[in-house]
Amino acid sequence: MIDIAIRGGLVIDGTGAQRYQADVGILNDQIVEIGRVSAANREIDATGLIVSPGFVDPHSHSDFTMHANPLAQSTVRQGVTTEIVGNCGFSSAPITPKSVKQIAGRLKGYGFEGDPAWRTMDEYFSHIEADGVSANFAFFIGHNSLRHAAGLDGDETVTDEHLKIMSDLVAESMEAGALGLSTGLEFLPGKFAKTEEIEHLAKVVGKYGGVYTSHVRNRDSEIFSSMSEFLQIAKTGNVVAQLSHFNVRFDTNAPENAWERAVGMLVAEKDKGLDVAADTTPFRFGLGGMSAILPEWLLKDGYANVALALKESTVRDRLKSDCDRYWRYIHKGQWSRVRLQGSLHYPEFTGMSFPEIAKEMKQDEWDCYFDILMAAGPDMDKVLMFGENMTEAHLAEMISHPDFSLGVDGYTSIDHGALADVTQSQFPYCGHIEFLAHHVREKKTLTLESAIHKMSSKPAQRFALKTRGEIKEGWFADMVIFDADKVRSDSTLENPCVYPVGIQQVIVNGTIVVDESQHTLKRPGRVLRRK
């Protein structure tokens, strides 16, 4: 007798092929039968429902929040069974004495009450496995975290010793099973890195057959040079290359047809043989760091000194005409486009727009902005906000592009407690539902088969997650059963912490984690080590 039989459902297998009706049988952690299925200890009636592979998020930051939320509540309830984390240059390992305070501060900012008990990537993986998690996770090594580990917090001169420390940490982490290297070149301290530094580290990754993924330096006025740098690093390092959440925000001084032309550069290199692709997100809104608008002359000595400088009115006056980067529409006075994501020092303003915050603080938006950053001190890189970035037309062209996987660029959360208090946005609660309900059912940008392919098999193949991402005999039983006509989210900007409707069951490694839309509190997830 097998463990689980899913009967009468419409199977969308993840390959992009048309749906078909079949039963699916699961024994232990694997799919063992498709079609005629034996009797089972648990019978699931999936009549009229879609049976698909569990979703694989190609770009997640759930490593920020998973220690406070190992049940992965908000994401696994959407059908997400695997998350690719350590993105945008930030990872929670490896750690050295020079970086432990920085890593501990970020985890504390997302509701984790302990201290990081690990130092190496291997120790980190063992810690996660010992605690248990409800979903699978695969990890990148964050370049920003490497720089902190080597004592590079600003624009210090990079010595051979710094490069050796970072290279050794990359090699050690790759040996432990990390996927590769991620960069976040609009953020401190990675923004100070020269191309040659990243190439040096990418070569180490390339020796292991790893992946280089990048939040590139710029996606507006300097988009083409940023794309050229990304492609150059990939070729020099001999790595698989993944372009993170690649979009162009509207009204940010980008050249005409910037996205189409930049993607054309990617496709041209792919046609020449480079293993390169990209991913994108579902919302018009996007998450990002508040400090990303600050200029290099202020950032060069680190965030603690930035906080001291922000006490000076002369510095603030200068900044008001020198913050035309990242959230560039702020510089144009479009403050209503941005909302505070979460601040430990100003929790009462979470989810509010800056005009609303300015009204409460009885000062202009710039001074509110600077006060919030200043209060965070050395941890100001952990203060996030979300902004209205994209048009519906741009979302459609990105989501439908054949070289783009679909992810959220968010993190898993929970609908109550300390973590919920600092993650007051829709990203944790409905990003994957947005693809299914809005872009497939309402907008018809994609067929359901194509969307599921881009949410499962395509990213699984991209990151070499062997025998995951498809419904196939002998493959891991990571699956989701849902009602395609009724799946929806009631999460809103004003009331974001709401779990979705229409996801019936979610199975991770053969164990039911969501049953009749309720979390079973099981933790069958695994660390997926690169092999």
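Refer to the structure presented above.
About the cut-offs
Residues numbered from 1 in each chain as written. Predicted model: local features only at pLDDT ≥ 70, side-chain atom pairs only at ≥ 80, totals over all residues. Heavy atoms only, no water. Pairing = 2+ DSSP bridges. Helix = DSSP H or I, 4+ residues; strand = E, 2+ residues; numbered from the N terminus. Axes fitted to C-alpha atoms, helices over the stretch in contact; angles between N-to-C directions. Buried < 20%, exposed > 50% of the residue type's maximum accessible area, 1.4 Å probe, protein only. Contact = heavy atoms within 4.5 Å. Phe/Tyr/Trp six-rings, centres within 6.5 Å; stacked < 30°, edge-to-face > 60°. 1 Å grid on protein atoms, 1.4 Å probe; cavity = no way out; pocket = protein on both sides within 12 Å on 5 of 7 lines; lining within 4 Å. Points joined across faces, edges and corners; volume = space filled by probe spheres on them. Nonpolar A, V, L, I, M, F, W, Y, C, P; charged D, E, K, R; others polar. Salt bridge = Lys/Arg side-chain N within 4 Å of Asp/Glu carboxyl O. Polar contact = N/O pair within 3.5 Å; in protein donor to acceptor, adjacent residues only side chain to side chain.

1. Some points on the sheet that holds strand S6 (residues 55–57)
At step 1: Strand order in the open sheet formed by 3 strands is S6-S7-S8, and the pairing between neighbours is parallel. Looking at which strands have only one partner, the edges of the open sheet turn out to be S6 and strand S8 (136–139). Recorded for the sheet is a direction-independent mean angle of 15° between the axes of neighbouring strands.
At step 2: Note: S6 against strand S7 (residues 80–85), 3 bridges, orientation parallel. Bridging from a neighbouring strand, Phe55 pairs with Val80 of S7.

2. Side note on unusual backbone geometry
At step 1: A cis amide bond links Ala93 to the next residue, Pro94, at an omega of -5°.
At step 2: On the secondary structure map, Pro94 appears in the loop between S7 and helix H2 (100–109).
At step 3: Geometrically, the link from Leu188 to Pro189 is a cis peptide bond, its omega value of 0° lying close to zero.
At step 4: Of note, Pro189 is situated in the loop between strand S10 (180–184) and helix H6 (195–207).
At step 5: Phi angles above zero are rare outside glycine, and Asn253 is one such case at about 70°.
At step 6: As for its placement among the helices and strands, Asn253 is situated in the loop between strand S12 (240–243) and helix H8 (258–271).
At step 7: What makes Asn253 partly exposed here is its relative accessible area of 40%.
At step 8: In the Ramachandran plot, Lys362 falls in the positive-phi region, its phi being about 60° despite a non-glycine side chain.
At step 9: Along the chain, Lys362 falls in the loop between helix H13 (354–361) and helix H14 (365–376).
At step 10: The class for Lys362 is exposed, based on a relative accessible area of 74%.

3. Observations regarding the sheet that holds strand S13 (residues 276–280)
At step 1: What the 6 strands build is an open sheet, ordered S9-S10-S11-S12-S13-S17; its pairing is parallel. Both edges of this open sheet fall to strand S9 (141–142) and strand S17 (404–406), since each of them pairs with a single strand only.
At step 2: Strand direction decides the pairing type here: S10 and strand S11 (residues 211–215), joined by 5 bridges, are parallel. Bridging across to S11, Leu181 finds its partner in Tyr212.

4. Some details on the side chain of Arg316
At step 1: Position of Arg316 among the secondary structure elements: in helix H11 (residues 313–319).
At step 2: The class for Arg316 is buried, based on a relative accessible area of 10%.
At step 3: Once residues within four sequence positions are removed from consideration, Arg316 is found in contact with Leu310, Asp367, Phe370, Asp371 and Met374.

5. Focus on the packing of aromatic side chains
At step 1: Per the counting criterion, the structure on display carries 25 aromatic pairs.
At step 2: A ring pair is formed by Trp335 and Phe354, whose centres lie 5.7 Å apart and whose planes are at 45°; its orientation type is tilted. On the criterion of sequence distance, the pair formed by Trp335 in the loop between helix H12 (328–331) and strand S15 (338–342) and Phe354 in helix H13 is long-range, its members being 19 residues apart. This pair shows no difference in class: Trp335 is buried, exactly as Phe354 is.
At step 3: Measuring from ring centre to ring centre gives 5.3 Å for Phe354 and Tyr369, while their planes differ by 40°; the resulting arrangement is tilted. With a gap of 15 residues between them, Phe354 in helix H13 and Tyr369 in helix H14 connect regions that are remote in the sequence.
At step 4: Looking at Phe354, the relative accessible area reads 0%, which means it is buried.
At step 5: Judged by its relative accessible area of 0%, Tyr369 is buried.
At step 6: Cluster of aromatic residues (ring-pair linked, three or more members): Phe90, Phe187, Tyr326, Trp327 and Tyr329.

6. Things to note about the pairing of strand S18 (residues 479–482)
At step 1: Burial along S18 is two-sided: Met479 and Ile481 facing one way and Val480 and Phe482 facing the other are all buried.
At step 2: Where strand S5 (residues 50–53) lies against S18, 4 bridges are found, and the strand directions are antiparallel. Following the sheet pairing, Ser52 is matched in S18 by Val480.
At step 3: Summarising the sheet, S18 and strand S19 (residues 503–508) pair through 4 bridges and their orientation is antiparallel. Residue pairing for S19: Phe482 is matched across the bridge by Ile503.

7. Some remarks on empty space enclosed by the protein
At step 1: Using the criterion set out here, one finds 3 cavities of 30 Å³ or more in the structure.
At step 2: Roughly 440 Å³ of internal volume is contained in the largest cavity.
At step 3: For the largest cavity, the lining is made up of 35 residues, of which Phe187, Leu287, Gly288, Gly289 and Leu384 are closest to its centre.
At step 4: Of the residues that constitute the lining of the largest cavity, the class distribution is 17 nonpolar, 10 polar and 8 charged.

8. What to know about the pattern of salt bridges
At step 1: Taken as a whole and assessed by the stated rule, the structure comprises 29 salt bridges.
At step 2: Here Arg316 ties to Asp367 by a salt bridge, and the two come within 3.0 Å at their closest N and O atoms. Highlighted residues: Arg316 in helix H11 and Asp367 in helix H14, separated in sequence by 51 residues. Residue Arg316 shares its accessibility class with Asp367, and that shared class is buried.
At step 3: Asp381 is the partner of Lys382 in a salt bridge, and the nearest nitrogen-oxygen pair spans 3.2 Å. Of the two residues, Lys382 and Asp381, both sit in the buried class.

9. Considerations on the layout of surface pockets
At step 1: The calculated volume of the largest pocket comes to roughly 410 Å³.
At step 2: What lines the largest pocket is a set of 22 residues, and nearest its centre among them are Ala464, Leu465, Lys466, Arg529 and Lys531.
At step 3: Of the residues in the lining of the largest pocket, the class split is 10 nonpolar, 4 polar and 8 charged.

10. Points about the side chain of His59
At step 1: Considering the arrangement of structural elements, one finds His59 in the loop between S6 and helix H1 (73–76).
At step 2: The exposure class assigned to His59 is buried, which follows from its relative accessible area of 1%.
At step 3: Within polar-contact distance, the side chain of His59 engages the side chain of Ser244 at 3.5 Å.
At step 4: Those residues in contact with His59, other than ones at most four positions away along the chain, are Ile84, Asn87, Cys88, Ser244, His245, Asp279, Val408, Asp409 and Gly410.

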